[in-house]
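An overview of the molecular structure
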Amino acid sequence: MKKRVLAITMATLLCVGVFAGCGSTSSGTATKPAAGSAGSAAAAGSAAAAATGSAAASGKAEFAMIGGTSVPDTHPYMLGMNKIGELVKQKTNGAVTLDMFGNSQLGSERDLIEGLQLGSLQMTCVSTAPLAGFTDSFLVFDLPFIFSDTETARAVLDSDVGMEILHSVDDQGLKGLTWFENGFRNVTNNVRPITAPDDLKGIKIRTMENQMHMAAFQIMGADPTPMAMGDVFTALQQGTIDAEENPIPIVATNHFEEVQKYISLTGHIFSPTPVFIAKDYYDSMPEDYQKALQEAATEASPYQREQIDEQNVSGLEELRQGGMQDNDPEKAPFQKATAPIYDQYIKEGSGMVSPDIYNRVKEVIDSSSSAK
Ligand code: EAX
């Protein structure tokens, strides 16, 4: 933890240092560091500062924002964030811009969240799971099989309680602007097709850094290892883990078909994706720019969801073409096997799902399904 904060602090200092000397920056465009695994925050910080500096030096943007994600440039997270950048630039005549760095170049999702809090970058979008290290308010989404389909999940995210959760971390320096989406998570592995919970016994599976995700796989007999996204491909390639679990667009855009034989469409957890801006930075903007950014984010959300819907279909085709064998197991046995998570985690207390939030989410789920 100390190492990470030091790295990010170094990045912040680098940003200040390089930004101060940015008058001499010649290029008018942001220089993206080479894509690859999780870069060090320090190296990323200097790249981020170069991008900030070049935009500021070009005299175009009053607010030249830097953003980061843990996914490849072709993933709907990046397509959505770039859409926000395009719209806010239009709406402010170039006064507010957003340069995005994917592939964990600015660090893991936890690093990105800390980066917003430290001010070394301005925007990100992450799965809700890693937020467990900062707050409990998003944990309700990590309950296995809480959503039966995407439509219900979206109804909850767009509801009052969904909006309340999105805005629940203002006091932690994270202003939620809108909901993007990662989607239903599926198991990929090199051992066997997963047709029932018992097939997971003994499988070394990477999970996100979230106690409920790990508990769900432990209950089914797997051996979960929390790991940052930027390290997963190499770990699979080297065989230090047998498996990982992610929605189809993540599996396809990371080309996991090169290092995984099977994808089993378990759909065990739905990952929503809050879009955050550093709250202090947002507060420093004039009201009209804040309004333009909020509008841009709100308008980008349906576009991002469309991209997820599209890549859920095209991505599976690509994985099949790449040699992956897919199966679509019955969900009920997995639901039954992971049901104890509800008793274990829905209670008052730190690291737990608040019963009030759970009941309010359930109300929206029940009214959404009765409306069908
Ligand atoms: O949020 O870490 C993960 O598996 C996430 O799905 C990914 O970083 C996108």
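Residues numbered from 1 in each chain as written. Predicted model: local features only at pLDDT ≥ 70, side-chain atom pairs only at ≥ 80, totals over all residues. Heavy atoms only, no water.

1. Focus: the pairing of strand β10 (residues 270–278)
Note the threshold: When accessible area is computed with a 1.4 Å probe and restricted to protein chains, residues below 20% of their type maximum are described as buried, those above 50% as exposed, and intermediate ones as partly exposed. The secondary structure listing takes helices from DSSP runs of H or I that are at least 4 residues long and strands from runs of E that are at least 2 residues long, numbered from the N terminus. When DSSP finds at least two bridges between two strands, those strands are taken to pair.
In terms of burial, β10 is a largely internal element, nine of the nine residues being buried. On β10, burial covers both faces: Phe270, Pro272, Pro274, Phe276 and Ala278 on one face and Ser271, Thr273, Val275 and Ile277 on the other are all buried. In the sheet, strand β3 (residues 123–125) pairs with β10 via three bridges, with the strands oriented antiparallel. Within β10, the position partnered with Cys125 by the bridge is Val275. Direction of pairing for strand β4 (residues 174–184) relative to β10: antiparallel, over a ladder of nine bridges. Considered in β10, the bridge of Phe180 is made with Thr273.

2. A closer look at the site of the ligand
The line we're drawing: In these notes, residues near a molecule or strand are those with any non-hydrogen atom within 4 Å of it. By the criterion applied in these results, polar contacts are pairs of N or O atoms within 3.5 Å in which, for protein atoms, one can donate a hydrogen and the other can accept it, and in which residues neighboring in sequence qualify only through two side-chain atoms. Two kinds of site are reported from a 1 Å grid over the protein atoms alone, namely cavities, where a 1.4 Å probe fits but cannot get out, and pockets, open sets with protein on both sides within 12 Å along at least five of seven lines, and residues are called lining when an atom falls within 4 Å of a point. Think of it this way: a molecule belongs to a cavity or pocket when more than half its atoms come within 2 Å of the grid points there. As a working rule, the residues Ala, Val, Leu, Ile, Met, Phe, Trp, Tyr, Cys and Pro are called nonpolar, Asp, Glu, Lys and Arg charged, and the rest polar, with Gly in that last group. For the purposes of this description, domain bounds are those given by an automatic or database domain assignment.
If you check the shell around the ligand, you find Ser70, Val71, Tyr77, Glu109, Ser127, Asn182, Arg185, Arg206, Met208, Met229, Asn246 and Ile250 and nothing else. A distance of 2.6 Å is found between an oxygen atom of the ligand and a side-chain nitrogen or oxygen belonging to Glu109. The site holding the ligand turns out to be the largest cavity. Split into classes, the residues belonging to the shell around the ligand amount to five nonpolar, four polar and three charged. Here the shell around the ligand spans two domains, since at least three of its residues come from each of domain 1 (2–134 + 175–180 + 273–310) and domain 2 (186–270 + 313–370).

3. A short note on the sheet that holds strand β5 (residues 186–189)
Stated precisely, the cut-off is as follows: For helices, the axis comes from a line fit to the C-alpha atoms of the stretch in contact; other axes are also lines fit to C-alpha atoms, and the angle between any two N-to-C directions lies between 0 and 180 degrees.
Taken together, the six strands give an open sheet; going across it, the order is β7-β6-β8-β5-β9-β11, and neighbouring strands pair in mixed fashion. The open sheet is flanked by β7 (223–226) and β11 (325–327), the only strands paired with a single partner. Put simply, the sheet's adjacent strands are angled 25° from each other on average, direction ignored. Both strand β6 (residues 204–207) and β7 contribute to a ladder of four bridges, which runs parallel. In the strand pairing of β7, Ile205 is matched with Pro224.

4. Quick word on the sheet that holds β4
Spatial ordering of the open sheet is given by β2-β1-β3-β10-β4, a layout of five strands whose pairing is mixed. In this open sheet, the two strands that pair with only one neighbour each are β2 (96–101) and β4. Each adjacent strand pair in this sheet contributes to an overall mean axis angle of 20°, direction not counted. Note that strand β1 (residues 63–68) and β2 share six bridges and pair parallel. Residue pairing for β2: Gly67 is matched across the bridge by Met100.

5. Some words on the packing of helix α5 (residues 150–157) against helix α14 (residues 355–370)
Operational definition: For this classification, under 35 degrees means roughly parallel, over 145 means roughly antiparallel, 65 to 115 means roughly perpendicular, and everything else is oblique. Here a crossing is called left-handed whenever its near helix is offset anticlockwise from the far helix by less than a right angle, and right-handed whenever the offset is clockwise. Whether two residues are in contact is decided by their heavy atoms: any pair within 4.5 Å suffices.
Viewed as axis vectors pointing N to C, α5 and α14 meet at an angle of 130°, and their least axial separation amounts to 9 Å. Here α5 is positioned oblique relative to α14, judged by the angle of their axes. Once α5 is placed against α14, the crossing between them reads as right-handed. Residues Thr152, Ala155 and Val156 of α5 form the contact with α14, whose participating residues are Val361, Val364, Ile365 and Ser368. Along the lines of polarity and charge, the residues of the contact of α5 with α14 split into five nonpolar, two polar and no charged.

6. Quick notes on empty space enclosed by the protein
As a reminder of what qualifies: Grid points are joined across faces, edges and corners, and a volume is the space filled by probe spheres set on the points.
With the rule as written, the count across this model stands at two cavities of 30 Å³ or more. Here the largest cavity defines a volume of roughly 160 Å³. Of the residues in the lining of the largest cavity, the class split is eight nonpolar, five polar and five charged. Residue assignment places the lining of the largest cavity across two domains, with domain 1 (2–134 + 175–180 + 273–310) and domain 2 (186–270 + 313–370) each supplying three or more.

7. A closer look at helix α4 (residues 109–118)
For α4, a buried count of seven out of ten residues is recorded, marking the element as mostly surrounded by other parts of the structure. For α4, the set of buried residues is Glu109, Asp111, Leu112, Ile113, Glu114, Gly115 and Leu116. Just downstream of α4, Gly119 is the residue with a positive phi angle, here 85°.

8. Overview of α14
To keep it simple, the criterion reads: A helix is expected to reach a length of 1.5 Å times the quantity of its residues less one. Think of the arc as the fan of directions from the helix axis to the C-beta atoms.
The end-to-end C-alpha distance of α14 is 22 Å, a good match for the 22 Å that 16 residues give at a rise of 1.5 Å each. Within the span of α14, buried status applies to Ile357, Tyr358, Val361, Val364, Ile365 and Ser368. For α14, the angular spread of the buried residues around the axis is 130°, confining them to a single face. Those residues of α14 that are exposed and angled more than 90 degrees off the buried face are Glu363 and Ser370.

9. Remarks on the environment of Gly221
Tracing the backbone through its elements, the reader meets Gly221 in the loop between α7 (211–219) and β7. Judged by its relative accessible area of 29%, Gly221 is partly exposed. Sequence separation between Gly221 and Lys201 is 20 residues; the distance between their C-alpha atoms is 4.3 Å. If we ignore the near neighbours within four places in the chain, the residues touching Gly221 are Leu200, Lys201 and Gly202.

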